[in-house]
Number of protein chains: 2
Amino acid sequence: MTETLALARDEALRHAADHRDEALADLVELSRIPSISALGAHAGDVRAAAQWCAEKLRALGMTVEIVDGRVHPVVLAEWMGRPGAPTLGLYNHFDVQPPDPVDLWTTPPFDPVVRDGQLFARGVADDKGALVAGITAAEAMFAAGGPPVNLRFFYEGEEEITGVSLGEVLCERAEALACDYVFIGDGEFDRPGVASILTGLRGVLQCQIEVTGAAVDLHSGLYGGVAPNALNSLAHILSGLKGPDGHITVPGFYDDVQVPSPAERAQWPADVDEDALRREVGSVALEGEAEFGLLERLWTRPTLDVHGIVGGFTDEGTKTVIPARAVAKLSMRLVPDQDPDRLLAAVTERVRELATPGVEVTVTGLGQSRAALFGVEHEGVAAAQEAFAAAFGAPATLKRMGASVPVAADFQTALNPKMIVSGFSLPGDNFHSPDEHFALGQLHGGVDMLVRLAYGLAARA
Amino acid sequence: MTETLALARDEALRHAADHRDEALADLVELSRIPSISALGAHAGDVRAAAQWCAEKLRALGMTVEIVDGRVHPVVLAEWMGRPGAPTLGLYNHFDVQPPDPVDLWTTPPFDPVVRDGQLFARGVADDKGALVAGITAAEAMFAAGGPPVNLRFFYEGEEEITGVSLGEVLCERAEALACDYVFIGDGEFDRPGVASILTGLRGVLQCQIEVTGAAVDLHSGLYGGVAPNALNSLAHILSGLKGPDGHITVPGFYDDVQVPSPAERAQWPADVDEDALRREVGSVALEGEAEFGLLERLWTRPTLDVHGIVGGFTDEGTKTVIPARAVAKLSMRLVPDQDPDRLLAAVTERVRELATPGVEVTVTGLGQSRAALFGVEHEGVAAAQEAFAAAFGAPATLKRMGASVPVAADFQTALNPKMIVSGFSLPGDNFHSPDEHFALGQLHGGVDMLVRLAYGLAARA
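Bear in mind the structure is a predicted one, so any value in this text is a computation, not a measurement.

Asker: Looking at this model, I keep getting lost on the overall build of chain A. Mind explaining?
Answerer: Secondary structure assignment for chain A yields 14 helices and 18 strands. Relative to the compact-globule value of 23 Å for 461 residues, chain A shows a C-alpha radius of gyration of 23 Å, a close match. Taken along the three principal axes of its C-alpha coordinates, chain A extends 85 × 45 × 45 Å. Residues counted as buried form 60% of the 461 residues belonging to chain A. Taking the intrachain contacts of chain A between residues at least 6 apart in sequence as the baseline, contacts between residues at least 24 apart amount to 80%.

Asker: When you look at the interface of chain A and chain B in this model, what are you seeing that I'm missing?
Answerer: A common measure of how large an interface is: the accessible area buried when the components associate. At the interface, 87 residues of chain A touch 86 residues of chain B. Ranked by residues supplied to the side of chain A that touches chain B, first place goes to strand β11 (residues 303-311) of chain A with eight residues. When grouped by side-chain class, the residues that make up the side of chain A that touches chain B number 38 nonpolar, 35 polar and 14 charged.

Asker: It is not clear to me how the domain arrangement of chain A should be interpreted in this structure. Could you clarify?
Answerer: Residues and elements named next belong to chain A. Domain assignment breaks chain A into domain 1 (3-201 + 371-460) and domain 2 (203-257 + 302-369). For domain 1 and domain 2, the distance between their C-alpha centres works out to 36 Å. For the side of domain 1 that touches domain 2, the per-class residue count stands at five nonpolar, four polar and no charged.

Asker: Help me understand the environment of Arg20(B) in this model?
Answerer: Structurally, Arg20(B) is set in helix α2 (residues 20-31). Sequence spacing of Arg20(B) and Leu440(B) is 420 residues, and the spatial spacing of their C-alpha atoms is 9.2 Å.

Asker: What should I look at first to understand the sheet that holds strand β17 (residues 418-421) of chain A in this one?
Answerer: Strand pairs in the sheet, formed through backbone hydrogen bonds, run parallel or antiparallel to each other. Residue and element names in this part refer to chain A. Strand order across the open sheet formed by six strands is β1-β2-β6-β3-β7-β17, with mixed pairing between neighbours. At either end of the open sheet lies a strand with only one pairing partner, and these are β1 (63-67) and β17. Strand-to-strand twist of the sheet, defined as the mean angle between neighbouring strand axes without regard to direction, takes the value 15°. Packing against the sheet, helix α3 (residues 43-59) makes contact with β1, β2 (74-79) and β6 (150-156), and its axis sits at approximately 165° to β1. Sitting on the sheet, helix α12 (residues 379-392) touches β7 (181-184) and β17, and the angle it makes with β17 is about 35°.

Asker: What exactly am I supposed to notice about the relation of the copies chain A and chain B here?
Answerer: Two copies of the chain are present, and they differ by a rotation about an axis and a shift along that axis. At an RMSD of 0.1 Å, chain A and chain B line up after a rotation of 180° and a shift of 0.1 Å along the axis. Interpreted geometrically, this transformation is the action of a two-fold axis. Relative to the rotation axis, the C-alpha of Ala235(A) is the closest in chain A, positioned 2.1 Å from it. Mapped onto chain B, 99% of the interface residues of chain A again fall at the interface, so both copies present the same surface.

Asker: Looking at this model, I keep getting lost on the sheet that holds strand β6 (residues 150-156) of chain B. Mind explaining?
Answerer: Residues and elements named next belong to chain B. With mixed pairing, the six strands of this open sheet are ordered in space as β1-β2-β6-β3-β7-β17. A single partner strand is all that each edge strand has here, and the edge strands are β1 (63-67) and β17 (418-421). Between one strand and the next, the sheet's axes are offset by a mean angle of 15°, whatever the strand orientation. The pairing of strand β2 (residues 74-79) with β6 spans six bridges and is classified as antiparallel. Directly across from valine 74, in β6, lies its bridge partner glutamate 156. In the packing of helix α3 (residues 43-59) onto the sheet, contacts are made with β1, β2 and β6, and the angle to β1 comes to roughly 165°.

Asker: Where do I start with the packing of helix α12 (residues 379-392) of chain B against helix α14 (residues 440-460) of chain B in this structure?
Answerer: When two helices pack together, you describe them by how their axes are tilted relative to each other and by the distance separating the axes. Residues and elements named next belong to chain B. Direction vectors running N to C along α12 and α14 enclose 140°, while the axes themselves pass 8 Å from each other. It follows from the interaxial angle that α12 and α14 lie oblique. Crossing geometry of α12 relative to α14 is assigned as right-handed. Taken together, the residues of α14 that come into contact with α12 (itself represented by Glu379, Gly380, Ala383, Ala384, Glu386, Ala387, Phe388, Ala390, Ala391 and Phe392) are Gly445, Asp448, Met449, Arg452, Leu453, Gly456, Leu457 and Arg460. The class makeup of the residues in the contact of α12 with α14 is 10 nonpolar, three polar and five charged.

Asker: Explanation requested: the nonpolar core in the structure shown.
Answerer: One recurring pattern in soluble globular proteins is that nonpolar side chains are buried together. Among the nonpolar cores identified, the biggest contains 292 residues, and Leu234(A), Val451(A), Leu234(B) and Val451(B) are the most heavily contacted of them. Discounting chain neighbours no more than four positions away, the residues touching Val451(A) are Arg9(A), Ala12(A), Leu13(A), Ala16(A), Ala137(A), Ala140(A) and Met141(A).

Asker: Mind showing me how you'd approach the environment of Pro336(B) here?
Answerer: Residue and element names in this part refer to chain B. If you trace the backbone, proline 336 turns up in the loop between β13 (325-334) and α11 (340-354). What makes proline 336 partly exposed here is the crowd of 19 C-beta atoms within 10 Å. Along the primary structure proline 336 and arginine 32 are separated by 304 residues, whereas in three dimensions their C-alpha atoms are 37 Å apart. Discounting residues that sit within four places of it in the chain, proline 336 has contacts with Gly200, Gln258, Ala371 and Leu373.

Asker: What am I meant to see in helix α1 (residues 3-18) of chain B here?
Answerer: Note: α-helices contain 3.6 residues per turn, so residues at a spacing of three or four share the same orientation. Residues and elements named next belong to chain B. Compared with the 22 Å implied by 1.5 Å per residue over 16 residues, the 22 Å span of α1 between its first and last C-alpha is a close match. Every buried residue of α1 is accounted for by Ala8, Arg9, Ala12, Leu13 and Ala16. In an axial view of α1, the angular spread of the buried residues amounts to 135°, which keeps them on one side of the axis. Seen from the open side of α1, the exposed residues pointing more than 90 degrees away from its buried face are Glu3, Thr4, Ala6, Ala17 and Asp18. Looking at the buried side of α1, the elements it contacts are α4 (124-143) and α14.

Asker: Please explain the environment of Asp275(A) as it appears in this structure.
Answerer: With respect to the helices, strands and loops of the structure, Asp275(A) is situated in helix α9 (residues 274-281). Under the C-beta neighbour-count criterion, Asp275(A) is labelled exposed, with 9 such atoms within 10 Å.

Asker: Looking at this structure, I do not really get helix α14 (residues 440-460) of chain A. What am I missing?
Answerer: Under the 1.5 Å per step criterion, the end-to-end length of α14(A) is 30 Å for 21 residues, consistent within 8% with the ideal 30 Å. Counting buried residues along α14(A), 17 of its 21 residues qualify, which places the element largely inside the surrounding structure.

Asker: Where do I start with the packing of helix α1 (residues 3-18) of chain A against α14(A) in this structure?
Answerer: All names here are of chain A. For the pair α1 and α14, interaxial distance at closest approach is 10 Å and the crossing angle is 165°. By the angle class used here, α1 and α14 are roughly antiparallel. Note that α1 runs across α14; the crossing there is right-handed. Seen from α1, the contacting residues are Leu5, Arg9, Ala12, Leu13 and Ala16; seen from α14, they are Val447, Asp448, Val451, Arg452, Tyr455, Ala458 and Ala459. Of the residues in the contact of α1 with α14, the class split is nine nonpolar, no polar and three charged.

Asker: What is the right way to look at the pairing of strand β8 (residues 196-201) of chain B in this model?
Answerer: Taken residue by residue, a regular strand's side chains alternate between the two faces of the sheet. All names here are of chain B. Counted residue by residue, β8 has six buried out of six residues, so it is predominantly covered. Summarising the sheet, β8 and strand β16 (residues 397-401) pair through five bridges and their orientation is parallel. When the sheet's bridge partners are listed, isoleucine 197 is paired in β16 with leucine 398. Across two bridges, β8 lies against strand β15 (residues 372-373) in antiparallel orientation. Looking across to β15, one finds that glycine 200 is bridged to leucine 373.

Asker: Quick question: what am I supposed to make of unusual backbone geometry here?
Answerer: Both trends apply: most residues other than glycine have a negative phi, and most peptide bonds are in trans. Residue Pro101(A) is bonded to the preceding Asp100(A) through a cis peptide linkage, with omega at -5°. By the secondary structure assignment, Pro101(A) is in the loop between β3 (87-93) and β4 (113-115). For the bond running from Asp126(A) to Asp127(A), omega is 20°, close enough to zero to count as cis. Mapped onto the secondary structure, Asp127(A) falls in helix α4 (residues 124-143). In this structure, Asp435(A) takes a positive phi of about 60° despite not being glycine. Using a count of 17 C-beta atoms within 10 Å as the deciding quantity, one classes Asp435(A) as partly exposed. A positive phi angle, near 65°, is found at His432(B), a position not held by glycine.

Asker: Would you mind showing me how to read the confidence of the model for chain A here?
Answerer: Low pLDDT marks stretches whose predicted atomic positions should not be read closely. This prediction gives chain A a mean pLDDT of 95; 100% of its residues lie at or above 70. With a pTM of 0.79, the predicted complex shows an ipTM of 0.78.

Quick notes on the rules
- Residues numbered from 1 in each chain as written.
- Chains lettered and ligands numbered in written order.
- Predicted model: local features only at pLDDT ≥ 70, side-chain atom pairs only at ≥ 80, totals over all residues.
- Helix = DSSP H or I, 4+ residues; strand = E, 2+ residues; numbered from the N terminus.
- Rg over C-alpha atoms; globule rule 2.2 N^0.38 Å.
- Buried ≥ 20, exposed ≤ 12 C-beta atoms within 10 Å, placed from the backbone.
- Contact = placed C-beta atoms within 7 Å.
- Nonpolar A, V, L, I, M, F, W, Y, C, P; charged D, E, K, R; others polar.
- Domains from an automatic or database assignment.
- Pairing = 2+ DSSP bridges.
- Axes fitted to C-alpha atoms, helices over the stretch in contact; angles between N-to-C directions.
- Least-squares fit on C-alpha atoms with pLDDT ≥ 70 in both.
- Parallel < 35°, antiparallel > 145°, perpendicular 65-115°, else oblique.
- Left-handed = near helix turned anticlockwise from the far one by under 90°.
- Core = buried A, V, L, I, M, F, W, Y, C linked by C-beta atoms within 7 Å.
- Expected span 1.5 Å × (residues − 1).
- Arc of directions from axis to C-beta.
- pLDDT = per-residue confidence, 0-100.

This is the structure:
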């Protein structure tokens, strides 16, 4: 790195260190917005979060555009003030999961509170903390004479609903949005002090199964024994999709599952400690395919989980009805090279086979993304490793993750950049759960790392 | 029948015929009270319905007592003005089922409306219509010089929640509440114009299964493959309790099932027309044990139906959680001589066997009653047959019913009267379903029949 570049970097780092309170204030402000993409009633809040991001980026001097998506907006920002320098794209999402069950939160989910060095609020860890780290890093670089690389920000509001809007924008404007590197900031550390850079992500196939029996809910005394029960039938269907051993029993489901290479496995950390993972989960035992290790089950094996069931009488007390209709929402996590469309067809066929007499079933796809594998033998990962080592004291672990970042595959397909799939949250931050939180040290360390990444990429150019 | 008795009967029948508008007005008034016993928020309404009944009976000159029950009150009324004459007890219930799904009602469930000769409101058919018929019949007999028999009214407010309060009162005060005959008015006609007198009822065993896996709902991407999913596990449990063929797969479940005698079967009507029943149910086909006829499945075979499932994310949109907890409410309809306590233990053991790795399960009983068989070779049934023939043009069919009237067994045990288990609703009145209704002709015919029954019993004494 040239001395000029190093001086500018240090000035940016100093600026960030001097403005930590402002970074936290920004994160608190953004976390107050209940930008729940799954609930139509919160569409205005998702838009408000988009506007908050857009204003912040405009204030830095970036060119910002809010693009209407299918459901929620996409925010695109660019600063191309370093002709000839590489272009770094940063991806985050400003939408959050619903906060239920709300009664299990210690403090209200959209009333951010700092306790023990952690900010508690829905979405702080997934993914507003990392989003604010990116804005804060850019601000520090603009304050220190301008970023050393060209910058693009890609923020979406449909991540938690597996939306397609950002992916569509990337495909439509691939040329105009070209990046040399894309940093996906939606992941979490391997463990405290040690980040992770992901070499692969699972995809997802979400769907809904609807079972219809009688015309209306019937009295179970008068019709029990002859009238089809939509909930009993749904139970048969769901239990026929995955065995108690965790093995999915949809014909052909595993046909295209790719076994990870020995070279990739050699990069992996030691397998997870079963008892530690069990305690983290909080159950009496773990479940799943016993013939595979825990990391294999979490990273390289597909899954099938039911997320919710609606049907019949669910209020207080009892009501002896035969439910006429029942609906289950479920999803499968996919691995390379499973094809979501082919699997949706296979699941649909299997559900039809499993339906008990007298019911009609429909299966509806609710969103999907393919699994992705990323190359890590490039300058982007090298610069990120250097930046993580300097900011957090250790380079990142190279690993896969079981969750899905649908746009990661879209970035690869549309822009073909060098990918750095990482993030700043910590395991145990309660992604999608009550009392979600984000450590202030991760916020400030994340800013530091992103500043170092940008200068590191400039130095390598 | 003596001429004096016949004249008094005719005067009572004339009085009833002249006061039909008042009977309808009474039923409308009672049906406006949302006396939903299953919902705690409606406890005051259940009590209001009890008080409405008590005031009506007091106005006739009967001695009335409102007895506090475990959940809701019991109303007891008596008139013992005919020493030496037999005592007739009438049973009805003033509580109703919850009205959900409310959006499927044509008019609001507690805003009674007459359309096409039917009164539409929650509870009119089950069981407020028959209850008002009893009060109206008594009123007519008091107006015609006083009832020819001693009268007792037994009204409860816990029928729809399988409550035990009336049963307890009957046992505690068996001597004071003695009856020669008890008319249970909670049933329905065999078909339009032809009543039914029930020779047997199924019992019921209600329970709740709770499955607990992780400590909180978890992200299905990050934990899918290792964390137990309470809803997937619940689906395995429920599908393992009853096969797609309708056969219950709890070991020992059928051990005590009594096969009906050839003599009883000879009384039965011809088997139900399958296609007609299928249309009534509104499904593409019927389900159940194919080796048994439809009447056998409805009357003499036990069942298992899931009524509702709670767990996971059930709002609009998607949320990819692994639910930590799931609950199913279900019940089994029982037949002679199944023992609810023994079966609850067998179900609990089976549920424990079916639980998948990593979950904990609990099974809780929510109420029960044994199935009952009633003798029909007595003066009460003979008088009822005569009354039905005169009031509706045909005697009643002798048959069983698949539903449960838990207090019927309690009356038998505590008072050992001659039982007449019948009622005035029609098939298709939508018991427990949206658009429940009761024909005005059944209300007025019911009054006529009950007046005739009382004089018929007096004539036979």
